[in-house]
Amino acid sequence: MITKLEEIIQTVQGQPRKKLVVAYAQDSHTLEAVGAAVDMGIVEAILVGDRDEIERVCMADEIDPEKFSVIDQKSDVACVATAVKMIHDGMADILMKGLVSTDKYMRGILDKEFGLLPPKGVLSHVAVLELPMYHKLLLVSDVAVIPYPDLDQKVRITRYLIEAARALGVQKPKVAVVAPSEQMLPKIQSAVDAAILSKMGDRGQFGNALIDGPLAVDVALVKEVAQTKGLSSPVAGDADCLLFPTLDAANAFFKAANQLCRAPLAGMVVGTKCPCVLTSRGDSPASKLYSIAMAALSVKK
C-alpha cells in the first residue's frame, strides 16, 4: 500500500510513460512540475500555449524547452479546447490545467462536442493529502466541483474515493462520511445521507469497502477521540477517505491542511474519460508533480 506521495512517483516510474497534454502551459510552477515528470520518465508532455512565453519562462527557470512538444496557441480558452480535443481524439492520456482559470478548464471538459464527460456522468474531484500527523495518505472529496451534492451524487463520489484508494493499493478502503456529529440527527441532512451511505456499505453496495457515518472529522481521524466517546467503528481513527457534505466544508479542510499543516497534496477531476489534473494556480511545483503522478497511476490500462 502506498503511504507517501513520493511512493506514487516511484510506482509510476516503473510503468510505461503516459502522454500528458497541458492547457495554457506557460506558468513557471506548471513547467517545473511537467519538466520534472518528463525527466523522471512518468510522462511525455505536450504543451498548448504561447510558444514565446513558454520558451521565455523555461529559459528563466533553466528548463530545457526541447523536452516538450509545443502547440502554439495564444488564447486560454483555445488552449483548453485544443487540449481537450487531443484527449477526445486519443492523442493523450492525461489532461492538465496550466495558467487557465478553473471555470474555463471545466467548461472545456464539459464541451458538448469534444468534452470528456461520459453520458449521464457525474464530475467530481479527489484530493490526496499527506498530513504530517496522520499515519497514511488521506483522500478527500469534493473540494472543487460539486457545491452541494445530493445523495445520488454522494454515492458516485464515494465510488470515486474507493477507486482512487484502490489505485493506491488500499484493498479495503475505509470511508468516513462526515457530518457535524457522530450521532444520527434526523434534522441534519448530512447525518441522514451519511447513515444511508453507511447502510448501503453494510449491504455490500460499494463492494469490498467499509463505509461509516455520520462521523465528525475528529472521530474519523483520531482513534483516541472515538474511544473517549465510546464509539465502536472500524473506520474511526483509521479512515482512508473523507466524504464531506459540501464543497464549503471540504475546501476549508483541504486548504487548512495544506496551508497550516503544510500537507503536500495531489488533486484530479474524476468521473471523466481520462484523469484530469486540477490544482490551484498557486499550488507548488511539488503538488503539481504529485498530481501528475496520481493521474498517471489512475489511467485505465
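Residues numbered from 1 in each chain as written. Predicted model: local features only at pLDDT ≥ 70, side-chain atom pairs only at ≥ 80, totals over all residues. Heavy atoms only, no water.

Participant: A description of a negative patch on the surface should follow, citing residues and the corresponding values.
Facilitator: Where like charges cluster on the molecular surface, the negative patch consists of Asp52, Glu55, Asp64 and Glu66. Take aspartate 52: its relative accessible area is 55%, and that puts it in the exposed class. (Patch = residues over 30% accessible without salt bridge, like charges linked within 9 Å, V, L, I, M, F, W, Y side chains within 5 Å. Areas by Shrake-Rupley, 256 points an atom, 1.4 Å probe, with all protein chains shown as cover. Salt bridge = Lys/Arg side-chain N within 4 Å of Asp/Glu carboxyl O. Lys, Arg positive; Asp, Glu negative; His and termini not counted. Charge placed at Lys NZ, Arg CZ, Asp CG, Glu CD. Buried < 20%, exposed > 50% of the residue type's maximum accessible area, 1.4 Å probe, protein only.)

Participant: So what's going on with the environment of aspartate 193? Which residues, and what values?
Facilitator: Within the element layout of this structure, aspartate 193 appears in helix α7 (residues 189–202). Aspartate 193 sits in the buried class, given a relative accessible area of 5%. Considering only alpha carbons, one finds aspartate 193 and lysine 154, 39 residues apart in sequence, at a separation of 8.3 Å. Among all residues touching aspartate 193, those that are not within four sequence positions of it are Leu151 and Lys154. Only 2.9 Å separates the side chain of aspartate 193 from the side chain of glutamine 189, close enough to count as a polar contact. (Helix = DSSP H or I, 4+ residues; strand = E, 2+ residues; numbered from the N terminus. Contact = heavy atoms within 4.5 Å. Polar contact = N/O pair within 3.5 Å; in protein donor to acceptor, adjacent residues only side chain to side chain.)

Participant: A description of the packing of helix α6 (residues 151–167) against α7 should follow, citing residues and the corresponding values.
Facilitator: Pairs of packed helices are described in terms of their axes, by the angle between the two and the distance that separates them. One way to put it is that α6 packs onto α7 with a least axis distance of 11 Å and a crossing angle of 50°. Viewed along their axes, α6 and α7 adopt a mutual orientation that is oblique. In the crossing of α6 with α7, the sense of the turn from one axis to the other is right-handed. Contacts between α6 and α7 pair Leu151, Lys154, Val155 and Thr158 from the former with Ser190, Asp193, Ile196, Leu197 and Met200 from the latter. Of the residues assigned to the contact of α6 with α7, the class counts are five nonpolar, two polar and two charged. (Axes fitted to C-alpha atoms, helices over the stretch in contact; angles between N-to-C directions. Parallel < 35°, antiparallel > 145°, perpendicular 65-115°, else oblique. Left-handed = near helix turned anticlockwise from the far one by under 90°. Nonpolar A, V, L, I, M, F, W, Y, C, P; charged D, E, K, R; others polar.)

Participant: Any chance you could break down the pattern of salt bridges for me, citing the residues and the numbers?
Facilitator: Where charged atoms from two side chains of opposite charge approach closely, those side chains can pair. Under the criterion given, the structure shown has 14 salt bridges. In this structure, the salt-bridge partner of glutamate 182 is lysine 229, at a minimum N-O distance of 3.4 Å. Separated by 47 residues along the polypeptide, glutamate 182 in the loop between β7 (174–178) and α7 and lysine 229 in the loop between α9 (223–228) and β9 (241–243) bring together distant segments of the chain. In the salt-bridge network here, residues are joined through shared partners; they are Lys136, Lys174, Asp238 and Asp240.

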